[in-house]
Structures are given as structure tokens and as C-alpha cells.
Amino acid sequence: MSEEDRDTGASPLLASHDHHGPELTDHDPAHYPVPDPGHPEHLPRLTDVDPKAADRATRQVAFFFGMVPLLAIGFAVVYFAVPGDWFFDFGPLRANARNLGLGVTFGLSLLFIGIGAVQWARTLMSDEEMVDLRHGATSKPEDQQWMLTELDKTVEESKLTRRKIIGRTLLAALGFVFVPMLVGLADLGPWPTKKKRAETIEKTLWAEGVRLVNDVTFAPIKADDIEIGQLVNGEPENLQDLHGAEFQIEKAKAAIVVVRMDPNTIQIPASREDWQVGGILCYSKICTHVGCPISLWEQQTHHLLCPCHQSTFDLGNSGVVIFGPAARSLPQLPITTDAEGYLVARSDFTVPVGPSYFERDSRQDYEEGDN
Amino acid sequence: MPEPAVTVPESSSVEAQVPKKQAGPVFRIARGPVRWADERLGVAALVRPYFRKVFPDHWSFLLGEIALYSFIVLLLSGVFLCIWFKPSMAEVEYEGSYQLLHGLPMSEAFASTLALSFDIRGGLLLRQMHHWAAMLFVAAMLAHSLRIFFTGAFRKPREINWLLGVGLLALGIFEGFFGYSLPDDLLSGTGMRFFDGAVRATPVIGTWVEFFVFAGQFPGDLIIPRLYFLHILLIPALILALVAAHLALVFYHKHTQFPGPGRTEDSVVGYPVFPVYAAKAGGFFFIVFGVLTLMGALMQINPVWVVGPYNPAQVSAGSQPDWYMGFAEGAIRIMPGPGWEWHIGSTTWSWNVFIPLALPMTLLFVGMALYPFIEQWVTGDRSEHHLLDRPRNNPTRTGLGVAAMTWYAVLWAGGGNDLIATQFDVSLNAVTWVLRVAVFVAPIVAFLITKRVCIGLQRSDHDRLLHGAETGVIERDPSGRYSERHRPISVGEQYALTQQSEEYALLPAGDGDGEYRDRQLRLEQLRRRATRFYFVDTLHKPTRAELEEAAAHHHHGAGHEIGAGHGDGHGNGHGEDGAVIPGTESEHLAP
Amino acid sequence: MRFLSSRRRHPAAKVALLLFALFVLGGLYNVVAPAERVSADNGYSQQQVDEGRKLFAVGCASCHGLNGEGQTTDTIQGPSLIGVGAAAVDFQVSTGRMPMSRPGEQAPVKPNRYSDEEIAALAAYVASLGPGPAIPTETEYNPENLSEEDLARGGELFRTNCSACHNFQGAGGALPDGRYAPSLIGLDSKRLYLAMLTGPQQMPVFSDEVLTPEDKRVIIGYLNELHERPQDGGLALGGIGPVSEGLWAWIVGMGLLVLFAVWITAKGAKAK
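What you see is a predicted model, and the numbers here were worked out from it, not measured in a lab.

A. Structural view of the overall build of chain A. A tally of regular secondary structure across chain A gives 9 helices and 13 strands. For chain A, the spread of C-alpha atoms along the principal axes amounts to about 100 × 80 × 65 Å. Out of the 371 residues in chain A, the part that is buried amounts to 39%.

B. Structural detail: the overall build of chain B. Regarding its fold elements, chain B presents 19 helices and 8 strands. Here chain B holds 591 residues, and 50% of them are scored as buried. Across chain B, contacts joining residues at least 24 apart in sequence account for 72% of those joining residues at least 6 apart.

C. Looking closely at the sheet that holds strand β11 (residues 320-323) of chain A. Residue and element names in this part refer to chain A. Within the open sheet, the 4 strands sit side by side as β8-β9-β10-β11. Their pairing is antiparallel. Strand pairing shows two members of the sheet lacking a second neighbour, β8 (296-297) and β11, which therefore form its edges. Bridging between β8 and strand β9 (residues 303-305) involves 2 bridges; their strand directions are antiparallel. Its bridge partner being in β9, Leu296 is matched across the sheet by Leu305.

D. Up close: the interface of chain A and chain B. Opposite the 101 residues of chain A that make contact, chain B presents 130 residues. At the level of elements, α4 (97-123), β3 (130-133), α9 (244-254) and β11 of chain A are the ones that each hand at least two residues to the side of chain A that touches chain B. In terms of residue count, α4 of chain A provides more of the side of chain A that touches chain B than any other element does, 18 residues in total. The pairing of β3 of chain A with strand β4 (residues 267-272) of chain B spans 4 bridges and is classified as antiparallel. Bridge pairing in β4 of chain B links Asp132 of chain A to Val268 of chain B.

E. Inspection of the interface of chain B and chain C at higher detail. Residue-level contacts link 56 residues of chain B with 53 residues of chain C. Looking at the side of chain B that touches chain C, the elements with two or more residues in it are α5 (123-150), α7 (186-200), α10 (273-298), α11 (304-307), α15 (417-423) and α16 (428-467) of chain B. Considered class by class, the residues forming the side of chain B that touches chain C number 36 nonpolar, 16 polar and 4 charged.

F. Here's a closer look at the sheet that holds strand β6 (residues 256-260) of chain A. Residue and element names in this part refer to chain A. A sheet is described by the order of its strands in space; here 4 strands give the open sequence β4-β5-β6-β7, paired in antiparallel fashion. Pairing within the sheet leaves two strands with one partner each, and these edge strands are β4 (212-214) and β7 (280-284). In this sheet, adjacent strand axes meet at a mean angle of 40 degrees when their direction is disregarded.

G. Examining the nonpolar core more closely. Core analysis: the largest hydrophobic core is formed by 274 residues, its most contacted members being Val258 of chain A together with Leu136 of chain B. Per-element tally for this core: the top contributor is α5 of chain B, with 19 residues. Excluding its chain neighbours within four sequence positions, the residues that come into contact with Leu136 of chain B are Ile66, Ser70 and Leu292 of chain B together with Ala249, Gly253 and Met254 of chain C.

H. Summary view of the domain arrangement of chain A. Partitioning chain A into domains gives domain 1 (46-123) and domain 2 (204-364). Placing the centre of domain 1 of chain A and that of domain 2 of chain A at their C-alpha centroids yields a distance of 57 Å.

I. A look at the environment of Gly246 of chain C. Here Gly246 of chain C shows up in helix α12 (residues 242-265). For the pair Gly246 of chain C and Ile264 of chain C, spaced 18 residues apart in sequence, the C-alpha to C-alpha distance is 26 Å.

J. Fine view of the confidence of the model for chain A. Scored by pLDDT, chain A comes out at a mean of 89, with 92% of its residues at no less than 70. Counted against residues more than four places away or in other chains, residues 20-26 of chain A, with its pLDDT under 50, gives 13 contacts.

K. Structural view of the environment of Leu4 of chain C. Residues and elements named next belong to chain C. Structurally, Leu4 is set in helix α1 (residues 2-5). Taking the number of C-beta atoms within 10 Å as the measure of exposure, Leu4 has 10 and is therefore exposed. Residues Leu4 and Glu149 lie 145 residues apart in sequence; the distance between their C-alpha atoms is 76 Å.

L. Seen up close, the pairing of β7 of chain A. Residues and elements named next belong to chain A. Taking burial as the measure, the 5 residues of β7 include 5 buried ones, the bulk of the element. Burial along β7 is two-sided: Ile280, Cys282 and Ser284 facing one way and Leu281 and Tyr283 facing the other are all buried. Strand direction decides the pairing type here: β6 and β7, joined by 5 bridges, are antiparallel. Looking at the pairing, Ile256 lines up with Ser284 of β7.

M. Main features of the packing of helix α1 (residues 25-41) of chain B against helix α2 (residues 43-51) of chain B. Residue and element names in this part refer to chain B. Packing of α1 against α2 leaves a shortest axis separation of 7 Å and a crossing angle of 100 degrees. It follows that α1 is roughly perpendicular to α2 by the angle criterion. Counted together, Val34, Ala37, Asp38 and Leu41 of α1 and Val43, Ala44 and Leu46 of α2 form the full contact between these two elements. Residue composition of the contact of α1 with α2, grouped by class: 6 nonpolar, no polar and 1 charged.

N. Spotlight on unusual backbone geometry. A cis amide bond links Phe218 of chain B with the next residue in sequence, Pro219 of chain B, at an omega value of -10 degrees. Turning to its location among the elements, Pro219 of chain B is positioned in the loop between α8 (206-214) and α9 (223-253). With an omega dihedral of -5 degrees, the bond running from Met98 of chain C to Pro99 of chain C counts as a cis peptide bond. Among the secondary structure elements, Pro99 of chain C is positioned in the loop between α5 (85-94) and α6 (116-129). In the Ramachandran plot, Asp425 of chain B falls in the positive-phi region, its phi being about 60 degrees despite a non-glycine side chain. Relative to the helices and strands, Asp425 of chain B resides in the loop between α15 and α16.

O. Focus on the pairing of β6 of chain A. Residue and element names in this part refer to chain A. Taken across its 5 residues, β6 has 5 buried, putting it largely inside the fold. Both strand β5 (residues 231-236) and β6 contribute to a ladder of 4 bridges, which runs antiparallel. Directly across from Val232, in β6, lies its bridge partner Val258.

P. Layout of the packing of α7 of chain B against α8 of chain B. Residues and elements named next belong to chain B. Two elements in contact, α7 and α8, have axes separated by 7 Å at closest approach and are oriented at 145 degrees. The residues of α8 that touch α7, namely those facing Asp196, Val199 and Arg200, are Gly206, Thr207, Val209, Glu210, Val213 and Phe214. For the contact of α7 with α8, the class distribution of residues is 4 nonpolar, 2 polar and 3 charged.

Q. Quick look at helix α3 (residues 63-84) of chain B. The end-to-end C-alpha distance of α3 of chain B, which contains 22 residues, comes to 32 Å, matching closely the 32 Å that a straight helix rising 1.5 Å per residue would cover. Regarding α3 of chain B, the residues found buried are Leu63, Gly64, Ile66, Ala67, Leu68, Tyr69, Ser70, Phe71, Val73, Leu74, Ser77 and Leu81 of chain B. Against α4 (108-119), α5, α9 and α10 of chain B together with α12 of chain C lie the buried residues of α3 of chain B.

R. View of the confidence of the model for chain B. All names here are of chain B. Mean pLDDT over chain B stands at 88; residues scoring 70 or higher make up 89%. Every residue in residues 557-591 scores below 50 in pLDDT, and together they form 61 contacts with partners more than four places removed in sequence or on other chains. Both confidence scores are given for the complex: pTM 0.88, ipTM 0.90.

S. Highlighting the environment of Thr113 of chain B. All names here are of chain B. Considering the arrangement of structural elements, one finds Thr113 in helix α4. On the basis of neighbour count, Thr113 is assigned to the buried category, with 26 C-beta atoms found within 10 Å. Separated by 191 residues in sequence, Thr113 and Val304 have C-alpha atoms that sit 8.2 Å apart. When sequence neighbours within four positions are dropped, the list of residues in contact with Thr113 reads Phe85, Pro183 and Val304.

Criteria and cut-off values
Residues numbered from 1 in each chain as written. Chains lettered and ligands numbered in written order. Predicted model: local features only at pLDDT ≥ 70, side-chain atom pairs only at ≥ 80, totals over all residues. Helix = DSSP H or I, 4+ residues; strand = E, 2+ residues; numbered from the N terminus. Buried ≥ 20, exposed ≤ 12 C-beta atoms within 10 Å, placed from the backbone. Contact = placed C-beta atoms within 7 Å. Pairing = 2+ DSSP bridges. Nonpolar A, V, L, I, M, F, W, Y, C, P; charged D, E, K, R; others polar. Axes fitted to C-alpha atoms, helices over the stretch in contact; angles between N-to-C directions. Core = buried A, V, L, I, M, F, W, Y, C linked by C-beta atoms within 7 Å. Domains from an automatic or database assignment. pLDDT = per-residue confidence, 0-100. Parallel < 35°, antiparallel > 145°, perpendicular 65-115°, else oblique. Expected span 1.5 Å × (residues − 1).

Here it is in C-alpha cells:
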């Protein structure tokens, strides 16, 4: 060992190192250079020597415990007497008075029990530390021995070792008895077969001639009413015929955003020339990442930002992804105007909307540079 | 009646207390019922090993209790909420007293949550207490598991308890996620949508799992009732079972303790369950309960009436899950997208969604679960450990722990990347890029720094042992040389600083190292390389010879032996557990 | 008449006829065309337009061009103001966003340096450049006397159209590249209306034909009610959702409890 090593205490590499066996470690000088000085002398607390201090501590504990009945009754008073529309206004706190009152009275009553109990333990209860001996976690050798012998006897008495087929068939039985339980779960939901998928997640309410309407108001939208830079959160007009779960399910697929941009500032591929009306484009509102609705549109950059995980789509370039964890462009809905000038869909979306799934054929989705 | 396993023989320092004849009212009243119970249950025999069990005292040992008591508060407040909550997605028109949602269609779940918040007295308080308790439950479990990790309390015989704890952490996180999704509000509903999209994107089985979980398409009308039974029945039952097993093992193994005078691997020093520990622990229960109630009174959490009922076409900026899901949220935000989804033929493999969903959680839980066994394989240590490690004495373990925390923290920050952008006025995209790099780089940097810090601390301990504590008094000797006076530390401190068990870095196995067959040999070489990674830089305790030599060196040949009551006789007033054993005259330096 | 017809083949005849026709048409146009393009509601006077032109030249033309035609260079992005209307000017100048103190991603709110008259003058001038949204009247933006159903509907409209950028409380949100949607808390009704109507900077336009004035009014009513209402549950903790809640759970919750834990296990002073 070099001088340096000795000073810093760094040890050389060892060729091997024996560990102690399963018993608890012993105290050999090589590993434990300083012998145990023993338990430190117990020093008394102020409350142990000074009766006045002890009385003061007692009063403190009693005070905390004694406040609890008052606070508990206070809770009842607040509960019955304070109406729900009162508000407590003080500095940054402008809160419902009843909630505040109930919580403060109940909370303090609990807290005071705790503080009293702890103060009692800290100041008045005996604080002599005690020593308990440990025993290793393993059982005593005679217990282990007994166990092994009895186990042998059990196996012997069961005749299992001589008639092995019993054991094997038992294992098979126990293995298979779970099959009915698993099979019984098969109706957890409809099976997403190809046919089912085509009826459900690959289809929306949109179809030829369905009018675009403003979400919430369900007012139809005229192309001329939309200005450059405008965003409309829209739905199909036939959504309002639905209710409850069906309404939510269809909304989660059919929600759209309609944006108007100056046609000179955007790229419209040849295949999508008739999907838009004078710079008015319609896209699915459902993010292709994991399905949050997107309507964070920047009218000057034409970027649409999803607030969930910040996927960003360029609506001036057929919805391609320009940042974030989404991997597919935002589906575009082909639209046109009807005879009265209202915006209508030409057809359903040409690709399934929303998040990806394994069986999805994603070859039709628009990619940067497509025509 | 089978004999209970006796784990503690007659404790040498504990005498069974026989109540005296002139006992006070407590004993007089209790004696009858206790005897009734004993004649039927054998209470005395059952309780005997545990009645005066000793528990060591340290504030970090109370972190697990915070988790336990939060869980109890969750159970109690949850029962209250169950009385009024309606776990149904049926559409109703709101007729309650919150005017800003009047007449709107919403699910019964949401409407009943509003009723709890506005029309049932105390309902809002209980809702908020319940939610704060859930946050604290997971936070305390995490803090507790960090304490266990850094002090090495997961070592034999406590590996199973560690596994139970990892299970509890995972269950707690999911329990919370399902719980806050029950009101079917816009914020948690957005989280459900994320869950749906993420499940759907799983390769091969995605649509099947999605349709089975939601009973069809999202959102359907069954997900809330299903989450409800998971949240109030299945998962709490599992948690209760694991908690019971966890506590039983703590009782059986007895609690670990920090090294110090009078403490060895064979003993546990502390206060008995009755009365001191019960008063402190019981008191702490009420304190936790009280703090949670006050938080429910003073701090608003999850104001669902402002967020509104769930609507798949609505969303809020700054939508995040509760904090404990933050690391998964961050992973999915900073994962890049384009190029990470394969379109092979007519199939779509969404690695951009699947990787951040599966990898961080798997890494975290599996990594945590396996760590005790990995460390045990590396060190080959099969002895029991009941004395805790100071983190500095295992620099690599501590470094790995801090690296893991850093990795977790980077992902956690990623979950709030849009809020970082707005609060600190920086570009959202820049934040995301920085985090994408940091998630790989920062843990490595953290490991290196932490390891060096630990070794530095070990060095300062080494200095204290050999040269004593620095007094800050500078002396100048006649030759003009400056030196700082050192004061020897107490025996108690010396003992505490030298109690840790040590591991050694091993050389590669050579010819004389026993019979290893090919694969075994490779494994053994790998293990030895791992010991070098772990322990080659670690400082080791000074041997007794070194200590004595240093002491002699200090006292200019005064010849004092270590351990013979070595104190400086000036009343060093440490206030530590090592009271100086006075009485030894020492030719020490004058004050 | 003989004077003119006898010179009908004069070389200058065609030119003279052309000039005459132009004068006639020009004169007719001047007669029938509306007077200066000022908003029907506010009725700006010519004096205001002139005053506005002067103010514009000093404070706005360096980025937006002397006639509001706009310019885009490497550093200056001044969009054309032709057609933005008086409403846009009122919003941008009264909130201090314009004039921008320096080019950048975001035009933040800052103290406004123009008086109400000056703003009206600027608005008059810009309105004269081309037809655009007019400043609403008070009945349009004042959300008094709204029923509970109206307010609830306003909330639905807010959460469908606005909260994606501005968050459920109206506390604001992040946009790409360092931009942000500002907080709406404390904003007065008129400015809320103007913003929806004109779509300032990156904010999209919500024209009156799609999001009707009544729709806008109920949204404003909802926001006013929401922001006036005290926080039922206690301290709002920032109103930005689970992130701040988690932060406070750790700081207040764990912090307090750890402090208590330290107290519980502290050895305390000894008598000797």
C-alpha cells in the first residue's frame, strides 16, 4: 500500500473476499476497529428534574386535548349555521366560508390530539431507551429439521411419489381449471374484427352532403361568413340527433376544425384542390397522436398545436406534423358548398381519424411531398 | 391453540410489568373485558411478543407512516364520498346549485361530484381531503422508498418487504389515476382519452385491449363504472393486503437502525410500543389527518366545476395528469414522432406512443424491484443487515439512486413543458429539445457528481477519525508554521463512523480461484468487473492499527489507546448520543 | 353646337372626349360613393382621420408602411392593416401591444401611451384604409342580465373555442416557439369582445357571422362571473391545474409533515 493510499484509505483490489455466513456479523477487529462504547448514559430532561417544568408540560398537553371538544362543537355549529353561499375574504384567500370553517375546526381538532399526544410522549413519558435483542430471520435449526422430516413423511403418506401420474394429472387439472374463468371474460367488449372496425373506428358521421355546423350552437356555416384567419370548431349537423353515450362516441370521431387561409400562402396539393373552398380547409379535430381535440391554431403561422403533448401540424401543408410526438398528418375532410352557400362535406374522411392502431392501413395518409 | 412463533426471548432489559394492586381506573375498568377476551382468544399470549417491542427513533423512519396514515385517511374519506357519488355515465341535465353549469348535459358521475361539492355540507372538504391524501400517499411512498434505498435497508432479510413496497407504489399510482378519473370531468377525461389512444396504439393487441377496456369505442358508457369497482374494491383490497404483509414483516424483522454507540447488528435500541411509540405514532396519525384536513380546507384542488364536464371536442391548455403520472406524461411529450411509427404493409406500429408508455414505467418498477438482487449478486453478501448504511459509504449505490432520481425528474419536468415555457418565458420547442437530450445526459452527469461528493464525504469522515474534528482555532508554532488545531472525536462518534459493513473490489478470477466452468467463469468475471465498478473508488475504514498510530501521532507519544475512554476531558458537549466517558486524564493540548 | 360638331374631326377631339367622360364618371362616383370609409357605428369625422394619419406616420408606419400596406423584411414583420378595421386598432393600442417596442415572437401587453382620443383617431384612419370590423357598442359587449342558461352556454362556448389556448380558468397557455396565449383574468368585457372579433396576432378570428355577437356576449358573461366568483375550495394555487397542485402537495404537505416528524423524534434539550 502506498503512502497516498494509506492516507486516503483506498484499498487495493483483492483477489477474493470471504463473506460471513448467514449468521449475523461478529465484531472482529479487522472490520470493526473501535469497540462498542456501550449505550450512552441516559440524561434526564428538564421535565424529569424540574417539577414546575413537568407541570407546565402537563398543562400544555391538557390544553391541546382540552381544545378538541370546543373545536368539535365548533364544527357542528359551522355545519348547521353557516349557509353555503357565504364567502370568507381575506388577502389571497377568497373561499367558501362553510368549507373553510368545517375544515379548520375539524383539522385543528385532529391536529391538537396529535400534538398533545406527541408532547406527552416527548416531555412526560419515560424516555429511557430500551434494548431488544435480534435473532436472525432464519428459523431455529431444530424447527428446520422438524419441517424437513415432517415434509418427507407427508409426501410419503400421500403416496404421491409412487403414483406419479396422480401428480401430473393434478397439475394439468389445476392448470386447465382456469380456462373457463378466462373464457368468461371474452364478453368484456365487442371483438374488434375487421368488420367491426370498419363499422366503428374507421367510420364517422360525415358523408356526402352533411352540413358543417358550429359546435355548441349547431348553426350551419356559410363559406362567405368565414374570414381569412378564422377558426371554427365544427361538428356534423346530424350529431344533434344523438344523445348520451352514442353522442359522445360520434363526437369523439367527427369533431372538426375549419380554417380559412389566403390560398397564396399555403400549399394545396393537386389531389386536394377540390377538398377546399377558396382557402377554407376542414381538418379532423382529433389528434393523430393519442386523440386529444386540437384547436390551438396560430392564424399567421398556420400551425395547429395540440395542448396535450404539443404535437404541431401545419394546416397550410395538408396537416403534416412539424413537431412533437405525433407521427401522422392530420386527416383532412373534403368539403364544398351547397346551393345556398353553406359548407358541406363531400364524403367521409378518406382515412380513419384519431390515434393509430395496429391494423390501421396508414399508406393512404398524406405525407410531406405527396401530390 | 398453536404456539405463536417466539421471536424474542425474555429480553434482558425488559421486565414484564405486572399491574400493581392499587392500580388506577384504567386497569380497574379494563381488567374485566381483557380477561373475557383472553378466555376466548388467548390475547395475552398473542400480544406478548409485541406489546413492548422496541422501535428506534429517527425522523426518516416516519416517512412510511405518512404513507400509511394517508391511506387510512383515504379509506375514511372515500367511504364518505361513496355514499353520494354515482358511478354512472348516463346523461342528465344539471339542476344543482352551481349556476354556471345550469341546464348543461353531463354524466351522472359529474353531476354527483358537483352535488358533493356544493349541495352536501362537508362534501367539498372531504373531496379535497381525499385528493390531497392521495397526492401525499404516493409522495410519502416515494420519499420512504428513497430513504430505504439510500440507507440500504432493502438488504437481506428485507428484500421481500422491498418488493411489497414496489408493488404498493405501483398500485398507489394507478389507484390515484383511476380515482381522479371518476368524476368524468374535462381534465381527467382528457387523460382517459390519452389512455385510450395509448392503449390502442399498442402493437398487435391494441384495439383488442381498447375495446375490452372501454366495452367498445371511446368513451362508451362503461368505463366509469369499471374504474369505480377497481378504485373502491379491487385495488384497495390489494393495497390493504400488501400493507398488512409489509407491516407484519417490519414487526418480524424488527426495524433497522442507524449506527451509533450501544447499537449493533444484534440489537435494536429505541422505545417500546406501549406507551411511548404508540403515543408518538398515534399522535402522528392525528397530525397527518389534521394536516390533510387543513389542506382540504385551505387549498383548492381539482375544481371540477371550473373545468366542466367531459366533452371529447373540448380541451384545456395546460392539461396534465396528477403529479405521480407526470413522468409518464413527460416521456410521451418529449418522444419524437415522425419516423417512429412504422407502416409495414397494412399494419401500423406506433413506437412513438408505445415506447414512452411502456418503457419508463417498466424501467422504474422493474429496476426498483431487481436492484436488491443485483446488488446482492455483485457483492456476494449473504449476511443479514440491520444497521443502516450512511449513503456516503456506498457511493456507487447512492450515485445510481441519484441518477435514477434525475432521470425521473427530467421526465417529470417534461410533463409540464408547456408550463415551463409560459412561466419562465422560454420557447416550448426549445424546452422539449433540451429535455430530449437531458433525459440521457443528465443521469450520467448526476451519477458522476454524486459519486465524487460521496467519496469526498467519506474522506472527511476519514479525516475526522484519524485527525479529529476541526476546531477552527489556528495556531502558529515557533518556526512560523500555521496549523489548525484538531480535537479528537468522542468514542461514540468513532464507533458510529466505523460500523458500516464494507465491500471490496475484486481482481479478475485467476487460475487459483477455484473451479469455474465456462459459463460460470464468464459470469464470475462479469460479477468481479461489477465489484470494481462499485467499489474500486470507495474509501475504507481505517484499521485499528491506523487509528492507534494516528492517535499516537497526535498526542506526541502520550500513548493513549483507542477505546480506553478516549476523551479530551473538557466536556466536549456534543449533545450526541455518545456521552464522553470521563475520568481519563489526558495530556491534551490546553484550550 | 355647331362649334363642337364642326370640330369633331379635330385631332384633339378624341382626347377631349376621353377626358370629358372621365370627368363625368369621376364626378358621378364622387356623388354616389359613400363618404370616407368610417364605421357606421362610430361615425368618425374627417378631422379624426387626419389626426390619425399623423399619429400613424409617427408611431406605426415604420413597420406597417406609410399607407398601412405592410412590409416584411428580415427583422420587421408588419402585416398589412388594410381591412383590419377600427376594432383591431382599439384592441392593439389600448392594451399597449402596439406599437411593439421591438420585433419579436410575441406582442406582450404593456402600458398604453395613447389617450382615448388618440386611439379613436388612429382607429378612424385605419378604418378608412379598407372595410373591417367596427368597434362594438356597449350593448353588444356588456354582459348584464344574462340568465343562468345563458351563462352556462357561454361556458360551453368558452370551453369549446377558447380554453384550448387560454386554459379552463382563462389563465393563459403556451404556443410554439416562445409565444403564448395571455391570461384573460381581469380583462374587461370590451377588450374580450375586440379580441374575439379581430383575432390579434396569432389568435384566430371569430367573425360575428359564425360566433354571433350574442354568443360573444355570453362568453364574456361567463368569464366575468367565473373570475369574480371566489374560489370555493380555498387558495387557487395559480389556477393552472395539477402541476401546481402537485408542487404544493410536496412543499406544504410533505414539508409540514417532515417538520413534524423531525419534532417528534428530536431528542430535545437535556437537563445536564
